[in-house]
Amino acid sequence: MASISVDQDQFVCSVCLDLLKDPVTVPCGHTYCMRCITECWDQDDQKGIYSCPQCRQTFSPRPVLGKNVVFAEMVEKLKKTKLSDVCYASADVECDVCTGKKHKAIKSCLMCLNSYCRTHLEQHETLFRGKRHNLMEVTGRLQEMICSRHDKMMEIYCRTDQRCICMLCMVDEHRNHDIVSTAAARTEKQSQLGKTQKKVQQKIHQREKDVQELRDAVKCHKQCAQTAVEDCEMMFTEVMSFIERRRSEVTQLIRDQEMAAVSRAEGLLERLEQEIDDLRRRDAELDKILYTDDHITFLQSFQSLSAPPESPDDISGTFPFSFDAVRESVRQLRDKLQDFCTQHMRNISVTHTITDPRIRDDFLQYSHELTLDLKTVHNNLSLSEKNKKITFTDILQQYPDHPDRFDGWYQVLCSESVCGRCYWEIEWTGDNGVYISVSYKSIRRKGAGRECLFGYNDQSWSLYCCDYSYSFIHNKIKTNLPVKLRSDRIGVYVDERAGFLSFYSVCDTMTLIHRINTTFTQPLYPGFRVHLRSSVKLCNL
């Protein structure tokens, strides 16, 4: 079935200029809202003559009105389609004359300073037929086109002041200025704007080219990375295959030595057991002859039995090969290989790593959530703020016994280890200073020896902070640092793979206090040591 195109204006009440509500048709054929025509005819009750608001045809007596069912159904369908003449979109300009629901304006009048929908535009043209009114494409900026001082259309452009003005402004405050019409000014500016647009388009083209180049570079970089990964995996496979072959060779060497020594020992063992049997028989014969009463037999046997037994084989050289030497050689090979790999991995990390952070925001991307480990805290340290703060106290805390607890020094470790790149900050207070440390988990916990004290062994590294002085301690070596500043907030940055440990004063800027480069062979755990009237708090980043 062919569809019929319907104009929305056919369903607009000419009284309220809105879509029909409860449409009724009067005898002349025009249709209105029930309420609109009823109110119109209520005013005509005194006259007794009723007319159509559109064609002015009169009726007497007052016609009985009934709902136009066909129109009502078509209006409902029309509402559902949301035709574009009704101003639903926020970007549309509304008709300034419509009451109730605003229709979309299609023209603006520069004389009347109003925008009109199709219906009111027809009324406007009828009203001002023969008069010169300047109609233009609909705009929502009509008020901006009027001089706020003289309430006149701005038809002139002042080059001197670079602004639009009206005719009265031209003869008043802009007298003797460089004046042109807005059309002429627009032509000039349009040329300039065209050049600007061309530059913008060139910039867009260049940026699109840059984007494509960057995408190609990213793709190439990914391909190179994948190739590098595959090559490195192949080389590591070759290295592991080489090590596996050496392992098999050493194992075979040990087994060959074992087999040779065991075979030699088993042969000797068989001869020794045979010799023991022979000696036992001779011992029995000697025992028998020693106690015989027959002198003749004794003397006849004496010659053969008195000869000394043959000397037994020397078993001292049965196992001449020591496995300790092989074990020591493999241990040295292992240590050298570990050192070699660690050094080269550090070189790879330093050479190919991203530039170290410089500002605090760069550090914060490596921040980790840390908590103090209840199992390690000394009994004179009080935990608070969800295991984020420790404070020295004279009152012994009732912590349960645990093999990981420090019992000789006022120390605590964090529960979490740090790996790769890691950053955290602490705030400290106290007249006697605090120790900010990192440590291997294998550090001793029991006793007051230096093997348990942060910084005074090869298991830990520690920064001592006290007023305006700092010192760094590792493996019993204490280094006084030249930095002279007071900082209650310290940032710690670890690049475990590259072997970097850095301490910073955190204020408006990041001030480096001390930095070391070493080789970490075990996972690191942040740790702290406090004195009397001191405290340390892990900061939330």
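Residues numbered from 1 in each chain as written. Predicted model: local features only at pLDDT ≥ 70, side-chain atom pairs only at ≥ 80, totals over all residues. Heavy atoms only, no water.

Participant: What should I look at first to understand the overall build of the protein in this one?
Facilitator: The secondary structure content of the protein amounts to 8 helices and 23 strands. The principal-axis extent of the C-alpha atoms belonging to the protein is close to 185 × 75 × 60 Å. Going through the 541 residues of the protein one by one, you find that 30% of them count as buried. Considering only contacts in the protein between residues 6 or more positions apart, those separated by 24 or more positions represent 54%. For the protein, the accessible area works out to roughly 35400 Å², and carbon and sulfur atoms hold 53% of it. Between the mean site of the 73 positive side-chain charges and the mean site of the 76 negative ones, the protein shows a separation of 11 Å. (Helix = DSSP H or I, 4+ residues; strand = E, 2+ residues; numbered from the N terminus. Buried < 20%, exposed > 50% of the residue type's maximum accessible area, 1.4 Å probe, protein only. Contact = heavy atoms within 4.5 Å. Areas by Shrake-Rupley, 256 points an atom, 1.4 Å probe, with all protein chains shown as cover. Lys, Arg positive; Asp, Glu negative; His and termini not counted. Charge placed at Lys NZ, Arg CZ, Asp CG, Glu CD.)

Participant: How should I be thinking about the nonpolar core in this particular structure?
Facilitator: Burial of nonpolar side chains together is a common tendency in soluble globular proteins. Counting 39 residues, the largest nonpolar core has Trp-424, Leu-501 and Phe-528 as the members making the most contacts within it. Filtering out sequence-adjacent residues up to four positions away, Trp-424 remains in contact with Leu-370, Val-418, Val-438, Ile-490, Gly-491, Val-492, Val-494, Pro-526, Phe-528, Leu-538 and Leu-541. (Core = buried A, V, L, I, M, F, W, Y, C linked by side-chain atoms within 4.5 Å.)

Participant: So what exactly am I meant to see when it comes to the sheet that holds strand E20 (residues 500–506) here?
Facilitator: Sheet strands pair by backbone hydrogen bonding; their relative direction is either parallel or antiparallel. Taken together, 7 strands build an open sheet; the order of strands is E11-E12-E23-E14-E19-E20-E21 and the sheet is antiparallel. Looking at which strands have only one partner, the edges of the open sheet turn out to be strand E11 (381–384) and strand E21 (510–517). With strand direction ignored, the average angle separating the axes of adjacent strands in the sheet is 20 degrees. (Pairing = 2+ DSSP bridges. Axes fitted to C-alpha atoms, helices over the stretch in contact; angles between N-to-C directions.)

Participant: How do you make sense of the pairing of strand E16 (residues 460–466) when you look at a structure like this?
Facilitator: On a regular strand, one side chain projects to one face of the sheet and the next to the other, so that they alternate. Of all 7 residues that make up E16, 7 are buried, and the element is covered over most of its length. Side chains Ser-460, Ser-462, Tyr-464 and Cys-466 of E16 all project onto a buried face; the interleaved residues Trp-461, Leu-463 and Cys-465 project onto the opposite face, where all are buried too. Relative to E16, strand E15 (residues 434–440) runs antiparallel, the two being bridged by 6 bridges. When the bridges of E16 are listed, Tyr-435 appears paired with Tyr-464.

Participant: What exactly am I supposed to notice about a nonpolar patch on the surface here?
Facilitator: Together, Val-239, Phe-242, Ile-243, Leu-337 and Phe-340 give the surface a local cluster of nonpolar side chains, amounting to about 440 Å² of exposed area. Sorting elements by how many residues they give to the nonpolar patch places helix H5 (residues 182–290) first, with 3 residues. Summarising the element assignment, Val-239 is placed in helix H5. According to the relative accessible area criterion, Val-239 is partly exposed, its value standing at 42%. (Patch = residues over 30% accessible without salt bridge, like charges linked within 9 Å, V, L, I, M, F, W, Y side chains within 5 Å. Salt bridge = Lys/Arg side-chain N within 4 Å of Asp/Glu carboxyl O.)

Participant: What is the right way to look at the sheet that holds strand E17 (residues 469–474) in this model?
Facilitator: As summarised here, the arrangement of the 6 strands in space is E13-E22-E15-E16-E17-E18, forming an open sheet in which the pairing is antiparallel. Every other strand in the sheet has two partners, leaving strand E13 (411–413) and strand E18 (477–481) as the edge strands with one partner each. Across this sheet, the average inter-strand angle for adjacent strands is 20 degrees, counted without regard to direction.

Such coordinate-based values are descriptive only and should not be taken to indicate function.
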